[in-house]
Amino acid sequence: MSSDNAAREAGRDVPGESGPVWDVVVVGAGPAGASAAHAAAVAGRRVLLLEKAELPRYKTCGGGIIGPSRDALPPGFELPLRDRVHAVTFSLNGKLTRTRRSRGMLFGLINRPEFDAGLVEAAKAAGAEVRTGVTVSRVEQHGPAVPDRRTVAVVLGDGSTVLARAVVGADGSAGRIGAHVGVKLEQVDLGLEAEIPVPPTVAEDWAGRVHLDWGPIPGSYGWVFPKGDTLTVGVISARGEGAATKRYLDDFIARLGLAGFEPSISSGHLTRCRSDDSPLSRGRVIVCGDAAGLLEPWTREGISFALRSGRLAGEWAVRIAEAQDAVDARRQALNYAFAIKAGLGVEMGVGRRMLTLFERRPGLIHAAVTGFRPAWTTSWTTTTLGWVMRAALRASRRVRS
């Protein structure tokens, strides 16, 4: 073995190359990337987490933390909760308004800048190195930038190169790593959101309660999530309905009596779901979270999918990094894909079927969810919005039969 290759095996610097060979490089420091970095670092590997923005940074997101999200957090992580939800008000395009209350906490609400920064700090505490303000141009698994078959070259925006035994892409649905892997996206939706500061009297009225409105566009809905002195108000519908989605948001805000308050932030974001046959890896590169198109197709909930897929990606990236040849690396990547499909993939399949039903018969969904109280006796340890609605639909079918 040459002295350069011996240095690479030991993870030491090699003359003419950009620093050490990392065991795992994670691109993107959102919930998926931070979770992946934490999982790999806890395993004792050398982990580098790259993020193009400076932290903390704003993300368009309702910020709901459901049971599966909480269960996937790093041990000891303290959620920066802004509110605890025990009640949900439902309406059907502003009509047939009904409120349902739970004996236990349904879910918690966070602000993404605080939440994401906390997850990155947890990854750092586990031993990961974090670099912000770093743009990734591309990844290469062959060519002059790649010293051997066990190494991936991550080429940065300034032209420098970072070397890794495995790479985790968590840089969003429009990121470089998903494009490298060849991720195929099937469902694209447009979410619009406003952060609206409100006076204490208004905030008190919303404390502990969220509002979900089934919207006028097939498959659309709106939400109000209270976070102290600010209400996060948003709507989502299929891409291609931009003008109608904007009208829906404006009408929704007006119906709620919030049109007189000036938003501190107005933003938009595209959510993208993977197709069933979309790849999750290519060579020693795997993807998770939004970069893999992993989110719930009906509710478009993404945080729990990001946390869970990120943790799996970090664990399997360690195995890929340890692989001595391409065959073993491929085997580990396929095992990662199987783990994703066996869990999150099944949930996505159910979500697609629920979205189809919701698009066709939103009134049925509304009647089932608001009309069957047993669906509201659970706590946030297991609850997702989809779980509550499926339970209500099953109950309604039993009653009709």
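Scroll up a little and you will see the structure.
### Re the overall build of the chain
Thought 1: Scanning the chain from terminus to terminus reveals 11 helices and 18 strands.
Thought 2: A buried classification covers 55% of the 401 residues belonging to the chain.
Thought 3: Of all intrachain contacts in the chain linking residues separated by at least 6 positions in sequence, the fraction that spans at least 24 positions is 73%.
Thought 4: Here the chain displays about 16,900 Å² of accessible surface, and carbon together with sulfur accounts for 51% of that area.

### A word on the environment of Glu140
Thought 1: Structurally, Glu140 can be placed in strand S9 (residues 136-140).
Thought 2: With 14 residues separating them in the primary sequence, Glu140 and Val154 have C-alpha atoms 6.5 Å apart.
Thought 3: With sequence-adjacent residues up to four places away left out, Glu140 is seen in contact with Ala145, Val146, Val152, Ala153 and Val155.
Thought 4: Only 2.6 Å separates the side chain of Glu140 from the side chain of Arg138, close enough to count as a polar contact.

### Structural notes on helix H8 (residues 303-322)
Thought 1: Compared with the 28 Å implied by 1.5 Å per residue over 20 residues, the 29 Å span of H8 between its first and last C-alpha is a close match.
Thought 2: Along H8, 15 of the 20 residues are buried, which leaves the element largely enclosed by surrounding structure.

### Topic: unusual backbone geometry
Thought 1: Residue Pro56 follows Leu55 across a cis peptide bond; omega there is -5 degrees.
Thought 2: Its place among the elements puts Pro56 in the loop between strand S2 (47-51) and strand S3 (64-65).
Thought 3: Phi at Asn93 takes a positive value of approximately 50 degrees, unusual for a residue other than glycine.
Thought 4: Summarising the element assignment, Asn93 is placed in the loop between strand S5 (87-92) and strand S6 (95-101).
Thought 5: With a phi close to 50 degrees, Leu96 is a non-glycine residue in the positive phi region.
Thought 6: In this structure Leu96 comes out as exposed when scored by relative accessible area, which is 56%.

### Comments concerning the pattern of salt bridges
Thought 1: If you walk through the whole model with that rule in mind, you get 18 salt bridges.
Thought 2: Salt-bridge contacts for Lys124 lead to Glu121; the nearest nitrogen and oxygen are separated by 3.6 Å. Remark: Glu121 and Lys124 occur in helix H4 (residues 112-125); sequence separation between them is 3 residues, near one turn of the helix.
Thought 3: A network of salt bridges, in which partner residues are shared, links Arg57, Arg112 and Asp116.

Analysis parameters
- Residues numbered from 1 in each chain as written.
- Predicted model: local features only at pLDDT ≥ 70, side-chain atom pairs only at ≥ 80, totals over all residues.
- Heavy atoms only, no water.
- Helix = DSSP H or I, 4+ residues; strand = E, 2+ residues; numbered from the N terminus.
- Buried < 20%, exposed > 50% of the residue type's maximum accessible area, 1.4 Å probe, protein only.
- Contact = heavy atoms within 4.5 Å.
- Areas by Shrake-Rupley, 256 points an atom, 1.4 Å probe, with all protein chains shown as cover.
- Polar contact = N/O pair within 3.5 Å; in protein donor to acceptor, adjacent residues only side chain to side chain.
- Expected span 1.5 Å × (residues − 1).
- Salt bridge = Lys/Arg side-chain N within 4 Å of Asp/Glu carboxyl O.

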